[in-house]
Amino acid sequence: MMSAGFQSSPAAARSRVAPFLSLSLAVGAASMLACAPATTTSGMGSMSGSSSSMSTTPPSPDPRVGLRAGLMDAGEASWNMRVLSKTPPSEKFVGITNSDLAFTGNYAIQGNYNGYQVWDISNPTRPTLRTAYVCPASQSDVSVYRNLLFVSGEGLTGRLDCGTQGVTAPVSRERLRGLRIFDISDIANPRNVGNVQTCRGSHTHTLLVDPKDADNVYVYISGSSNVRSAEELPGCVSATPDKDPNSALFRIEVIKVPLAHPEQAAIVSSPRIFNDLTAPARHGEAPEDIAASRQRLDAAKAHGEFTGVFFGAERVLPSGMIRPLLDSIVRARGGSGAAAATAEDSATLRRALPAMLAGMFPPDDSHHGPTQCHDITVYPAIGLAGGACEGYGMLLDIRDPAHPTRISAVADSNFSYWHSATFNNDGTKVLFSDEWGGGGQPKCRATDRKEWGADAIFTIVNGQMQFQSYYKLPAAQTQYENCVAHNGSLVPIPGRDVMIQSWYQGGVSLFDWTDARNPKEIAFFDRGPVDSTRMGSGGTWSVYWYNGVLVSSEIARGLDIFELTPSAFISQNELDAAKSVHFDYLNAQGQPKLTWPPTFALARAYVDQLERSRGLSSSRLASVRDALANAERASGGARQGALALLATQLSAEAGSSSDGGKVTMLAGAVRQLAGI
Amino acid sequence: MPSAEQGQAAAIARARADSLRYPFTAADIHFMSAMIGHHAQAIVMSRMAPTHGASPAVRRLAERIINAQQDEIATMQRWLADRRLPVPEARPGPMKMTMDGMEHEMMMPGMLTDAQMAELERARGPEFDRLFLVDMIQHHRGATSMVRDLFATPGAAQDETVFKFANDVNVDQTTEIARMQRLLADVMTAP
């Protein structure tokens, strides 16, 4: 969600005064940074220079603090990454909010509240506009599959005919709220081949490619806006499910799209994945929290205290609550009161308690809990989806694509609005982001708590999520920069969990969450505020890794493309291995399984990681590097033999290494290189 | 780009954004004005938490409400100022409306009466927690009903900022109501 629209002219006049002050701050920051060569600061809006450093210390003071404001000429700071290109919006899209990205072949498709733009990014230093398609809708969330492009419409002004005049009538057959489908076989001339109208519109959507179904794709619709009237779209019911079982609340929509006949796309189910939610809405508990509360409960029970289950958890019941109940039981048999209670009375109370509690705390009916999801990330390779649904993060089983079911749910009192999910590649962890304030508010000020408007990282154990830590952009932003956790994707560094993420005007942040308890920033890019005198609309909506580069959709400034530079945190070999991963297309909310082709870079990436973790001795690391270099120089049978020998040796060494898992991965990569 | 061109690009961007802005209605103005006083009361209520012996969970909730609703008040005031409309101060109390040339005072849905505010002001400790949660659930339900009324008004919420803002208020406060219901269960069963 984004709240702020573009600002009107009074601000333009005011903003002329302030740049001098901000500029001096930016220059000051840059000069102080002379000793931290990994960082580039640019106060003049020129392209950031490239530099790299083997220092493991983040630049201090943080060069993101105090950057000069400006729409197209803001100060910039980067660390361990560099700008390849900055491309302003094309004419019909200037001043209108850019939104999410999807990729196919050499194209980046950039949603915009006015339609979408297709950029050819074959040369990432010089993207060229291929198509600018005007068809207004908020938020124009985009996905692509083969020849089909899907675009979300949620707002009240979207029109079936793509007109720009809006729809003012409260009930209108001209309004589009739902999913538009375009045939982009000729990418320069998209054709609108179908539309699926939904009751609450589509804030976001998720394309699900079922590995078992070659003829159809599925689209999960998320949207928590108001329910339209039944006069506008027959069948839409805004009453709650207890009053009308056809309620459009408390469900998601699943659209099935026949690939040969996209015009026949239609809603095939409306799964009620929120029913009977009982997870308590409290701070995500770490394993030690859970153990401690278990201990407290066990001790209380051993002590003979009364417990009861309500709102999804067993709790110790206070004496203030038990005493009157016991009192009534004793009096009922003619006794004098609770003080005269016998063991028999206590047993009677224990038997009666569940029914009494059920009466006092009716089970959470459909009035509570989420009525919709904000976004769902599907990971078909592991049959799971992460649903970010109002106050909950959920794991869904999606093996039957039209009928997703909930496996588990978590809530967290530090989380406001669960926004989106990203799995790590092996599906053992999931990261949820909290878009506190909807994306239009400045939630990264020095005074804002680190655990609010952040990411929460969970491990997945037997289908249950266990809280591990929070990650938040570590650089304080001004009150005029909307900043909160937003969209991102994995960066395919083999053997590690590394993610790039957008934080609106907080810029983009690359972090390593391999150690789920200690996520750590390892690169960034940021600009100064759009406006130094007031909250302006801008910032990066989403940033995704696609075939070797990082592509960011900047709400106001256009399309930015970055590349990572080698550093103490990511070696050249790791970057080369990451760049060996190729996607034919990418929708970040349809998470692809990353696989690395066998390359020497992949093997060396693991060697570099073993050097970092000290998983092998320095002499052994050197001899492994030599062996790989010699094998690379050799060919045919000699190469194969050398690699096979190395792989066998490494497998045997794994058991004695402090990082045996990584040694085994290295052995596997070498074995694959040998082709055996 | 030279700086003159930079300035021009910014001006063009703003002009285009203005020209494409959909019309706003009296209902939009009413919503963006009335919600300021509504939010202001939530902030006054929440500021009591640290001095009224609130539990850590309620204090944290109150801190979140203050942070969220202060920022949202700024959003509403900015939206009104940009349209050269009267900008109400962030003060709790009834909304002043002029109808047929007469000024009327109107209490927004869910707002606490003076008596309720006084009762909350007197409460301490667990009783403050309980009352705060009950009152704030009432207050939030009022806000979500204001959103429903806005969307039920012909022509309203076409403006991009109003549409997003109203949706944000609705989902954030609906989520918070569910959280407060559970907190209330905790408070009622606390030893």
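Residues numbered from 1 in each chain as written. Chains lettered and ligands numbered in written order. Predicted model: local features only at pLDDT ≥ 70, side-chain atom pairs only at ≥ 80, totals over all residues. Heavy atoms only, no water.

### Thoughts on the overall build of chain A
Applied cut-off: A run of H or I in DSSP counts as a helix once it spans at least four residues, and a run of E counts as a strand once it spans at least two, with each numbered from the N terminus. Any two residues whose heavy atoms approach within 4.5 Å at even a single point are treated as in contact. Note that accessible areas follow from Shrake-Rupley with a 1.4 Å probe, and for residues the cover is restricted to the protein chains shown.
For chain A, the count of helices and strands is 10 helices and 33 strands. If you take every contact in chain A between residues at least 6 apart in sequence, the share linking residues at least 24 apart comes to 62%. When the accessible area of chain A is evaluated, it comes to approximately 24,200 Å², of which 54% is carbon and sulfur surface.

### A closer look at the state of the cysteines
All names here are of chain A. Convention followed: When two cysteine sulfur atoms are found within 2.5 Å, that pair is recorded as a disulfide. Only protein chains enter the accessibility calculation, which uses a 1.4 Å probe. A residue is then buried if its area is under 20% of the maximum for its type, exposed if over 50%, and partly exposed in between.
Under the definition given, this model contains four disulfides over all chains. C135 shares a disulfide with C162; S-S distance 2.1 Å. Because the torsion about its S-S bond is -65 degrees, the bridge between C135 and C162 counts as left-handed. Taken together, the residues C135 in the loop between β7 (128-134) and β8 (139-145) and C162 in the loop between β9 (148-153) and β10 (178-183) connect sequence positions 27 residues apart. C162 matches C135 in its accessibility class, with the two residues each being buried. Paired by a disulfide, C444 and C483 hold their sulfur atoms 2.0 Å apart. Handedness of the C444-C483 disulfide follows from its S-S torsion of about -75 degrees: it is left-handed.

### A look at the sheet that holds strand β20 (residues 392-397) of chain A
All names here are of chain A. So the rule is basically this: Here a strand pair is declared whenever DSSP counts at least two bridges between the two strands. Every axis corresponds to a line fitted to the C-alpha atoms, with the helix fit spanning only the stretch in contact, and the corresponding angles, defined between N-to-C directions, vary from 0 to 180 degrees.
Pairing within the open sheet is antiparallel, and its four strands lie in the order β18-β19-β20-β21. Of all strands in the sheet, those with a lone pairing partner are β18 (375-379) and β21 (405-410), marking the two edges. Averaged over all adjacent pairs, the angle separating strand axes in this sheet is 20 degrees, with direction ignored. Bridge count between β18 and strand β19 (residues 384-389): five bridges; the pairing is antiparallel. Among the inter-strand pairings, V378 is bridged to a residue of β19, identified as A385.

### So, the packing of aromatic side chains
Residues and elements named next belong to chain A. Put simply, the rule reads: Here the aromatic set is Phe, Tyr and Trp, taking the six-membered ring for Trp, and pairing holds for ring centres within 6.5 Å; pairs whose planes are under 30 degrees apart are stacked, those over 60 apart are edge-to-face, and all others are tilted. In our convention, an over-ring charge means Lys NZ or Arg CZ found within 6 Å of a ring centre and within 35 degrees of that ring's normal.
Evaluation of the coordinates by the stated rule reveals 27 aromatic pairs over all chains. Relative to W541, the ring of Y504 lies with its centre 6.4 Å away and its plane at 75 degrees, an arrangement referred to as edge-to-face. Here W541 lies in strand β30 (residues 540-546) and Y504 lies in the loop between β27 (498-502) and β28 (508-512), a separation of 37 residues in the sequence. With respect to class, Y504 is no different from W541; both count as buried. Joined through ring pairs, the aromatic side chains of F415, W418, F432, F458, F467 and Y470 make up one cluster. If you follow K443 out to its NZ or CZ, it ends over the ring of W436, 4.3 Å from the centre. A cation sits over an aromatic face here: R449 above W452, 5.2 Å from the ring centre.

### Looking at unusual backbone geometry
Residue and element names in this part refer to chain A. With an omega of 0 degrees, the peptide bond running from S60 to P61 counts as cis. Look at the link from S138 to Q139: it is a cis peptide, with omega at -5 degrees. Inspection of the secondary structure puts Q139 in strand β8. In this structure, S140 takes a positive phi of about 55 degrees despite not being glycine. For S140, the location among the structural elements is in strand β8.

### A look at the side chain of S469(A)
Residue and element names in this part refer to chain A. Our working definition: Two N or O atoms form a polar contact when they lie within 3.5 Å of each other; inside protein one atom must be a possible hydrogen donor and the other a possible acceptor, and for residues adjacent in sequence the pair counts only when both atoms belong to side chains.
Checked against the element boundaries, S469 lands in strand β25 (residues 464-471). For S469, the side chain forms a polar contact with the main-chain oxygen of A516, separated by 2.5 Å. Apart from the residues within four sequence positions on either side, S469 is in contact with D455, A456, I457, A516, R517, N518 and P519.

### Some points on the packing of helix α2 (residues 26-47) of chain B against helix α6 (residues 160-188) of chain B
Residues and elements named next belong to chain B. Rules: Orientation categories follow fixed angle ranges, with anything under 35 degrees roughly parallel, anything over 145 roughly antiparallel, 65 to 115 roughly perpendicular, and all other angles oblique. Rotating anticlockwise by less than a right angle from the far helix to the near helix defines a left-handed crossing, while the corresponding clockwise rotation defines a right-handed one. As a working rule, the residues Ala, Val, Leu, Ile, Met, Phe, Trp, Tyr, Cys and Pro are called nonpolar, Asp, Glu, Lys and Arg charged, and the rest polar, with Gly in that last group.
The N-to-C vectors of α2 and α6 enclose an angle of 40 degrees; their axes lie 11 Å apart at closest approach. Accordingly, the angle class assigned to the pair α2 and α6 is oblique. Between α2 and α6 lies a crossing whose hand is left-handed. For the pair formed by α2 and α6, the contact residues are D28, F31, M32, M35 and H39 on the first element and V162, F165, A166, V169 and Q173 on the second. Its residues assigned to classes, the contact of α2 with α6 shows seven nonpolar, two polar and one charged.

### Description of the sheet that holds strand β31 (residues 549-554) of chain A
Residues and elements named next belong to chain A. The four strands are arranged β3-β32-β31-β30 in an open sheet whose pairing can be described as antiparallel. Two strands lie at the open edges of the sheet, namely β3 (81-87) and β30, each paired on one side alone. Shown here is a sheet whose adjacent strand axes are inclined to one another by a mean of 20 degrees, direction ignored. Where β31 and strand β32 (residues 558-564) come together, five bridges link them in antiparallel fashion. Paired with S553 across the bridge in β32 is L559.

### Details of the environment of R445(A)
Along the chain, R445(A) falls in the loop between β23 (429-434) and β24 (455-461). Judged by its relative accessible area of 18%, R445(A) falls in the buried class. Considered as a pair, R445(A) and A248(A) are 197 residues apart in the sequence and their alpha carbons are 38 Å apart. Contact partners of R445(A), with chain neighbours within four places excluded, come to A476(A), Q477(A), T478(A), Q479(A), N67(B) and D71(B). Within the local environment of R445(A), its side chain forms a polar contact with the side chain of D71(B), the two groups lying 2.8 Å apart.

### Looking at the confidence of the model for chain A
Residue and element names in this part refer to chain A. We count it as follows: By definition, pLDDT measures how confident the predictor is in each residue, and it falls between 0 and 100.
Overall, the predicted model of chain A reaches an average pLDDT of 88, with 88% of residues at or above 70. Across residues 1-38 the pLDDT falls below 50, and counting only partners more than four positions away or on other chains, this stretch makes 97 contacts in the model. The model gives residues 43-51 a pLDDT under 50, and that stretch makes 29 contacts with residues more than four places away or in other chains.

### As for the domain arrangement of chain A
How large an interface is tends to be reported as the accessible area lost when its parts come together. Residues and elements named next belong to chain A. The following threshold applies: Just so you know, the domain bounds were taken from an automatic or database domain assignment. Accessible surface is computed with a 1.4 Å probe, and the buried area is the amount of it that two parts give up when combined, taken over both parts together. Salt bridges are defined as contacts in which a side-chain nitrogen from Lys or Arg sits within 4 Å of a carboxyl oxygen from Asp or Glu.
Once the domains are mapped, chain A shows domain 1 (81-277 + 367-586), domain 2 (287-360) and domain 3 (600-674). Centre-to-centre separation of domain 1 and domain 3, based on C-alpha positions: 39 Å. Each partner contributes to the interface: domain 1 provides 12 residues, whereas domain 3 provides 11 residues. Taken together, both faces of the contact between domain 1 and domain 3 bury some 730 Å²; the carbon and sulfur share is 52%. When residues of domain 1 are sorted by the area they lose upon contact with domain 3, P494, G495 and N573 head the list and together hold 54% of the total. Linking domain 1 to domain 3 there are one salt bridge. A salt bridge links R612 to E574; its shortest N-O distance comes to 2.5 Å. Where domain 1 touches domain 3, the interface holds seven residue pairs in polar contact (both at pLDDT 80 or more). Partitioning the side of domain 1 that touches domain 3 into residue classes produces six nonpolar, three polar and three charged.

### Regarding the pairing of β23(A)
Residues and elements named next belong to chain A. Within β23, six of the six residues are buried, which leaves it mostly tucked inside the rest of the structure. With burial as the criterion, each face of β23 is covered, one bearing K429, L431 and S433 and the other bearing V430, F432 and D434. Across five bridges, the pairing between strand β22 (residues 418-423) and β23 is antiparallel. Within β23, the residue paired with F423 across the bridge is V430. Counting the residues between successive antiparallel strands, the hairpin from β22 to β23 contains five residues, one of them, G427, with a positive phi of roughly 70 degrees.

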